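Survey of secondary and tertiary structure
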Amino acid sequence: MTDRLPTGVDVLDRRFDGGLPAGSVVQFAADPASQSELLLYELTAARGTLYLSTLRSQTAVTDAFDATGTRVGNPTVREIDGDAPLDAANRLVGTLPEGANLVIDVLDPLERLDGGRYRRFLNELQTTMVNTNSVAFLHCMKSEDTPENRAVTEHVADVVWDLRTTVRGTDVVNQLAVPKFRGGRALDETIKLKLEESVTIDTSRDIA
């Protein structure tokens, strides 16, 4: 059996039989106006993490880690910018040590690049994860302007997390669906989460 790596988020590890298979690529889709980053931050508590930011500056991400009230690690934060972001991302991914986390937040700018080069990037990324027994988390934004290569990301990904955030009356409801899980068991029901200062299970019951 493939080794499992804890995510660092207890409520998820209990559902995933202890964690995610080493070498996995996880696509994590969420609304831009959600608390999805809180979950990404908690992932860094599990092990050394390389955190690649494509939209926010390195300083902004570092400040956000310092300000969060949840348990986090000490990730290496790097900003991907310039005229050749795929090349920059490849170089940084190549520095990943054994048994680490990789977070790309967000993947969208890379998904908008040339399809052939993007597919090669994903395949090389997947090979690196397997060779280093690491786990990659690819944070993707849901929007009407979906990047052309989003379906490629979903297909290559070993695991898909789909965070659905809705407003019901006075409540903000967050439900995590896991419709795809290679090497594991996809969940047949969503996980209702509370995303406040930390990630916890929402035990409240919906009243029809």
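The residue count restarts for each chain, going from 1 along the sequence in the order it is written. Per-residue local features of the predicted model are confined to residues with pLDDT of at least 70, and side-chain atom pairs are confined, for both listing and counting, to 80 or more; whole-chain, interface and lining totals are unaffected and use all residues. For side-chain calculations, the full set of non-hydrogen atoms in the structure is used, while hydrogens and water are omitted.

Let's shift gears to the side chain of E42. Put simply, DSSP H or I for four residues or longer makes a helix, DSSP E for two residues or longer makes a strand, and each gets a number counted from the N terminus. For E42, the position within the fold is in helix α2 (residues 36-43). Although buried, E42 forms no salt bridge, and the nearest oppositely charged side chain, R71, lies 5.9 Å from it. Each polar contact in these results corresponds to two N or O atoms within 3.5 Å; when the atoms are within protein, one needs to be able to donate a hydrogen and the other to accept it, and residues that are neighboring in sequence are counted only if both atoms are side-chain atoms. A distance of 2.5 Å separates the side chain of E42 from the side chain of T70, its partner in a polar contact. By the convention used here, residues are in contact when the closest approach between their heavy atoms is within 4.5 Å. Excluding anything up to four places from it in sequence, E42 contacts T7, G8, V9, T70, R71, S198 and V199. With a 1.4 Å probe rolled over the protein chains alone, any residue whose accessible area is under 20% of its type maximum counts as buried; one over 50% counts as exposed, and the rest are partly exposed. The positive count covers Lys and Arg only, the negative count covers Asp and Glu only, and His and the chain ends enter neither. A pairing counts as a salt bridge when a side-chain nitrogen of Lys or Arg comes within 4 Å of a carboxyl oxygen of Asp or Glu.

Bringing helix α6 (residues 115-132) into the picture now. The α-helix winds at 3.6 residues per turn, so residues separated by three or four positions along the chain end up facing the same way. Helix span, as expected, comes to 1.5 Å for every residue beyond the first. Its 18 residues place the ends of α6 26 Å apart at the C-alpha level, agreeing with the 26 Å of an ideal helix rising 1.5 Å per residue. All of the buried residues along α6 are G115, G116, Y118, F121, L122, L125, T128, M129 and T132. Buried positions along α6 lie against β3 (25-30), α4 (85-93), β6 (101-105), α5 (108-111), β7 (135-141) and α7 (150-156). Phi turns positive, to about 55°, at N133, one or two residues after α6.

Between any two strands, pairing holds if DSSP finds at least two bridges. What the nine strands build is an open sheet, ordered β5-β4-β6-β7-β3-β8-β9-β10-β11; its pairing is mixed. Edge positions in the sheet fall to β5 (76-79) and β11 (199-201), since each has one partner strand and no second. Across the sheet, the mean angle separating the axes of adjacent strands is 25° when strand polarity is ignored. On the sheet, α6 packs against β3, β6 and β7 and is oriented at approximately 145° with respect to β7. An axis is simply a line fitted to the C-alpha atoms; with a helix, the fit covers only the stretch in contact. Between two such axes, the angle follows the N-to-C directions and lies from 0 to 180 degrees.

With that settled, consider the side chain of D162. Tracing the backbone through its elements, the reader meets D162 in strand β8 (residues 159-168). On the accessibility criterion, D162 (16% relative accessible area) is buried. One polar contact links D162 to K142, side chain to side chain, over a distance of 2.4 Å. For D162, the residues in contact, after removing those within four places along its chain, are A29, K142, Q175, L176 and A177.

Turning next to the pattern of salt bridges. Applying the stated rule across the entire model yields 10 salt bridges. Linking R112 and D145 is a salt bridge whose minimum nitrogen-to-oxygen distance equals 3.6 Å. Here the residue R112 occupies a position in the loop between α5 and α6, and D145 occupies one in the loop between β7 and α7, the gap between them amounting to 33 residues. Residue R112 is classed as partly exposed on the basis of its relative accessible area of 42%. The shortest N-O distance in the salt bridge between K194 and E196 comes to 3.9 Å. The exposure class of E196 is exposed, given its relative accessible area of 54%. Here the residues in one salt-bridge network are E37, R56 and D105, joined through shared partners.

These figures capture arrangement, not role.
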